[in-house]
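Structural overview
Single-letter residue listing:
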Amino acid sequence: KQGYREDDGLILESDTDEQILIHIPFQFAVRISGILIRSTGAGRPRRVKLFVNNNVIGFSEAMESTPVHALDLMDDQLSGEKTIALPTVKFRNVNCLSIFVEENMEDEQVTTLQKIIILGQQGQTFDVASIQDVSKQMNE
């Protein structure tokens, strides 16, 4: 579990306003089925946009672009214990997931996140070297 920490003392906090933009690259294409988010206290995220395979998106583009999926979070979804299901048809072959926290619950100046867990599995891989020319076999 590389990059995984089970310590509520570790937090990610926005710096100048409530917005946070996180790019999560994967070594292999993955299918994402859900996400868990933990945030307690002031500055819990409310509006979150998810973008797929666009690791160069910036804050202004994230605000103006249509996401692959948007979440309007409620308090009970921020315990870090409840999986937020995602439509897997929209999250196939993901090489990079971008998470944009657009606003938080109390219109606080700072948004805080204690944990983000992405649930899914490695997608199907395709080995180009295994392609065979079957036309020659059919002519024999």
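For the structure given in this document, a descriptive report is provided here. (Residues numbered from 1 in each chain as written. Predicted model: local features only at pLDDT ≥ 70, side-chain atom pairs only at ≥ 80, totals over all residues. Heavy atoms only, no water.)

So, the pairing of strand β3 (residues 45–52)
Most of β3 sits inside the fold, with six of its eight residues counted as buried. Bridge count for β3 against strand β6 (residues 94–104) is seven bridges, and the pairing is antiparallel. Considered in β6, the bridge of Val52 is made with Leu97. Strand direction decides the pairing type here: β3 and strand β4 (residues 69–72), joined by four bridges, are antiparallel. Residue Leu50 lies in a different strand from β4, and its bridge partner there is His69. (Buried < 20%, exposed > 50% of the residue type's maximum accessible area, 1.4 Å probe, protein only. Helix = DSSP H or I, 4+ residues; strand = E, 2+ residues; numbered from the N terminus. Pairing = 2+ DSSP bridges.)

Describing unusual backbone geometry
For Asn53, which is not glycine, the phi dihedral falls at a positive 55 degrees. Asn53 sits in the partly exposed class, given a relative accessible area of 39%. A positive phi angle is found at Asn93, which is not glycine, with a value near 55 degrees. Within the secondary structure layout, Asn93 lies in the loop between β5 (84–85) and β6. Given a relative accessible area of 46%, Asn93 falls into the partly exposed group.

Here's the deal with the nonpolar core
In this structure, Leu50, Leu71 and Phe91 are the most contacted members of the largest nonpolar core, which totals 21 residues. Of all the secondary-structure elements, those providing two or more residues to this core are β2 (20–38), β3 and β6. The element that contributes the greatest number of residues to this core is β2, accounting for six residues. When residues no more than four places from it in sequence are discounted, the contact partners of Phe91 are Val30, Arg31, Ile32, Leu50, Val52, Val68, His69, Leu86 and Leu97. Core analysis: the second largest hydrophobic core is formed by five residues, Leu21, Ile57, Ala62 and Phe100 among them. (Core = buried A, V, L, I, M, F, W, Y, C linked by side-chain atoms within 4.5 Å. Contact = heavy atoms within 4.5 Å.)

Some remarks on the pairing of β2
In the sheet, β2 pairs with β6 via seven bridges, with the strands oriented antiparallel. Within β6, the residue paired with His23 across the bridge is Ser98.

Comments concerning the packing of aromatic side chains
Inspection of every chain in the model, using the stated rule, returns one aromatic pair. Summarising the aromatic geometry, the rings of Phe59 and Phe100 are spaced 6.1 Å apart at their centres and angled 70 degrees between planes, so their arrangement reads as edge-to-face. You can see Phe59 sitting in helix α1 (residues 59–64) and its partner Phe100 sitting in strand β6, a full 41 residues away along the chain. Accessibility expressed as a relative area gives 0% for Phe100, which makes it buried. (Phe/Tyr/Trp six-rings, centres within 6.5 Å; stacked < 30°, edge-to-face > 60°.)

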